[in-house]
Amino acid sequence: MSTLDTRSIHAGEPEPRIEGAVSMPVFQTATYAHDDPGATPRYIRYNNSPNHEALHEKLASLTRTDGALVTASGMAAISSALLSVLEAGDHLVAPQSLYGGTLALFNDLLPRFGVTHTLVADDAPDAWTSALQPNTAVLFTESIANPLLGIPDLKGMVDVAKNHGLATVIDNTFASPVNLRPATLGFDLVVHSATKYLGGHSDLAAGVVAGASAWLEDVRRTAKLLGGTLDPHACFLLHRSLKTLGVRVRQQNATAGHLARALTEHEGIEQVHHPSLPSHPNRDRAQALLDGFGGMVSLRLSPAVEIDPFFEALSLPLRAPSLGGVETLVTQPIHTSHQDVDPSIRHALGITERVVRVSVGLEGAGDLIEDFTGALDAGLGD
Ligand code: PLP
């Protein structure tokens, strides 16, 4: 099973099929009767129902890892992964531009357990090395940064970690396994918010931690104790969604590229951020690392565009947080994902009220281009 598309359909499916069922049935039961009192029972929180096991195998195949674990949300995946590799007194290093929930975990929760962190402004390996302390245990990053879609020097980061004996944890939500499989670059633990591209329909919350068996064993134990495990019905929905992951994400990559190129010339646009554009600062790195440039586009509106009329004139995109679904969504990150980021850091990163993040869905590219162009015209008052 060499292609991701084939693996997304066939990996992890029960053989023989249960009662011949082509779709994985839902085992909506909290516990299981068993004959061997000494064996680990199947129990809903232990992540070992038939739905969990099938999903874990499919996700391991898609992420190119030994194993995977599903969790109740992306944040449950991030917290379970980090709490399995960190101890009191440890320090971690991460880039400044992170999903707000992750940043809040670093700022508000981890210090209560004696874990400190340093955020680096620059993604060059030297910046990571300079931020290391004797107690640094983990390097954490996102593969495509939110919302301006920068791509860190991921290979350089793995080298720094290997040279210093540190664990590496990467949030690959924005790229999805279609565009990047970070375990193949040497990352130890890969997390996804499956609420986004993996689920793909804006109708479930889930997370994934994937990695080599030795790392995943600790994550399994931690997740079992924290309790953020995924309900079998959500497992079923995610399992079904994964079968269309490749076709959805490739289409979203293509439409995002069309939209980004079409809007670049509009007078209402100061800058379009998409890794496919020659103007993107990490375009060469993106080309070298990614199989696709991703379905996220960020627009920096020119000062001449009035923001409220622009949003009011958009008819197809919904104004909502989250990403990766079939519907195009638009947000202002200063009010959503980056609300809790220190305003001075936001300013330094260029995340202002004029930045509009677009999660490109599966609508026709021409329809979206027409809609955004019309909304920009409306914002300019034409
Ligand atoms: N990681 C990234 C990059 C995200 O954008 C989000 C949510 O927006 C999360 C993690 C958290 O995911 P969830 O809402 O599924 O907990």
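Our subject is the structure that appears above.
Conventions adopted
- For every chain, the first residue of the written sequence is number 1, and numbering continues from 1 along that sequence.
- Totals for whole chains, interfaces and linings use all residues, but because this is a predicted model, local features are given only for residues with pLDDT of at least 70 and pairs of side-chain atoms are given and counted only at 80 or more.
- Side-chain metrics in this entry use all non-hydrogen atoms of the structure; hydrogen atoms and water are not considered.
- Here, strands pair whenever DSSP counts at least two bridges between them.
- Runs of H or I in DSSP of at least four residues are treated as helices and runs of E of at least two as strands, each being numbered from the N terminus.
- Inter-axis angles, ranging from 0 to 180 degrees, are taken between N-to-C directions of lines fitted to C-alpha atoms, where helices are fitted over the stretch in contact.
- Any pair of residues with heavy atoms lying within 4.5 Å of one another is described as a contacting pair.
- Note on definitions. A residue lies near a molecule or strand when any single heavy atom of the residue is within 4 Å of it.
- Here a polar contact is taken to be a pair of N or O atoms separated by no more than 3.5 Å, where protein atoms must pair a possible hydrogen donor with a possible acceptor and residues adjacent in sequence count only if both atoms sit in side chains.
- Here, Shrake-Rupley sampling with a 1.4 Å probe gives the accessible areas, and only protein chains in the shown set may cover a residue.
- Residue type decides the class: Asp, Glu, Lys and Arg count as charged, Ala, Val, Leu, Ile, Met, Phe, Trp, Tyr, Cys and Pro as nonpolar, and the leftover types, Gly among them, as polar.
- Burial classes follow relative accessibility: with a 1.4 Å probe on protein chains only, a residue under 20% of its type's maximum area counts as buried, one over 50% as exposed, and anything between as partly exposed.
- In this scheme the crossing of two helices becomes right-handed for a clockwise turn of the near helix relative to the far one and left-handed for an anticlockwise turn of less than a right angle.
- For this document, the term salt bridge refers to a Lys or Arg side-chain nitrogen within 4 Å of an Asp or Glu carboxyl oxygen.

S.K.: Help me understand the sheet that holds strand β1 (residues 67–71) in this model?
M.R.: Strands in a sheet are paired, the pairing made by backbone hydrogen bonds, and the direction either parallel or antiparallel. Spatial ordering of the open sheet is given by β1-β7-β6-β5-β4-β2-β3, a layout of 7 strands whose pairing is mixed. Edge positions in the sheet fall to β1 and β3 (116–120), since each has one partner strand and no second. Going from strand to strand, the sheet's axes swing by 20° on average, the running direction of each strand aside. In terms of strand pairing, β1 meets strand β7 (residues 207–211) through 5 bridges, oriented antiparallel. Its bridge partner being in β7, V70 is matched across the sheet by V208. Each of β1, β6 (189–193) and β7 touches helix α2 (residues 50–63); the most contacted strand, β1, lies at about 125° to it.

S.K.: Looking at this structure, how should I read the site of the ligand?
M.R.: In the vicinity of the ligand lie 13 residues, with G74, M75, D171, S193 and T195 positioned nearest. K196 places a side-chain nitrogen or oxygen 2.9 Å from an oxygen atom of the ligand. Protein burial of the ligand: of its 390 Å² of free accessible surface, 88% is covered by the chains. The greatest single-element share of the shell around the ligand, amounting to 3 residues, is contributed by helix α3 (residues 74–85). For the shell around the ligand, a count of residues per class yields 6 nonpolar, 5 polar and 2 charged.

S.K.: So what exactly am I meant to see when it comes to helix α4 (residues 100–109) here?
M.R.: Think of an α-helix as 3.6 residues a turn; residues three or four steps apart then line up on the same face. Those residues of α4 not exposed but buried are G100, G101, T102, L103, L105 and F106. Taken together, the buried residues of α4 touch α3, β2 (91–95), β3 and β4 (136–142).

S.K.: Got a minute to help me understand the packing of helix α10 (residues 245–264) against helix α14 (residues 365–380) in this structure?
M.R.: Each pair of packed helices can be described by the angle between their axes along with the distance between the axes. In contact at an axis separation of 10 Å, α10 and α14 are set at 35° when each is read in the N-to-C sense. Two packed elements cross with a definite hand, and for α10 against α14 that hand is right-handed. Residues T255, H258, L259, A262 and L263 of α10 touch α14, and the partners they reach there are A365, L368, I369, F372, T373 and L376. Looking at the contact of α10 with α14 residue by residue, the class counts come to 8 nonpolar, 3 polar and no charged.

S.K.: Looking at this structure, how should I read the pattern of salt bridges?
M.R.: Pairing between side chains becomes possible if they bear opposite charge and their charged atoms approach one another. Within this structure, the stated rule accounts for 9 salt bridges. One salt bridge connects E13 with K58, and the closest N-O pair in it is separated by 2.7 Å. Within this pair, whereas E13 is found in the loop between α1 (4–10) and α2, its partner K58 is found in helix α2, the two being separated by 45 residues in sequence. Note on accessibility: E13 and K58 belong to one class, buried. A salt bridge links D291 to R181; the nearest nitrogen and oxygen atoms lie 2.7 Å apart. Note that D291 is positioned in the loop between α11 (283–289) and β9 (296–301) and R181 in the loop between α7 (176–179) and β6, a separation of 110 residues in sequence. Shared partners join several salt bridges into a network, and the residues in it are E13, E15, R17, K58 and K243.

S.K.: Looking at this model, I keep getting lost on the environment of V169. Mind explaining?
M.R.: By the element assignment, V169 lies in strand β5 (residues 167–171). Overall, V169 belongs to the buried group, its relative accessible area being 1%. The spatial distance from the C-alpha of V169 to the C-alpha of L189 is 4.8 Å, given a sequence separation of 20 residues.

S.K.: Would you mind going over the sheet that holds strand β12 (residues 355–359) with me for this structure?
M.R.: Pairing is mixed in the open sheet, where 5 strands are placed in the order β8-β9-β12-β11-β10. The two strands at the open ends of the sheet, each matched to only one other strand, are β8 (269–273) and β10 (318–319). Across 5 bridges, the pairing between β9 and β12 is antiparallel. Looking across to β12, one finds that L299 is bridged to V356. Running at roughly 160° to β8, α10 makes contact with β8, β9 and β12 of the sheet.

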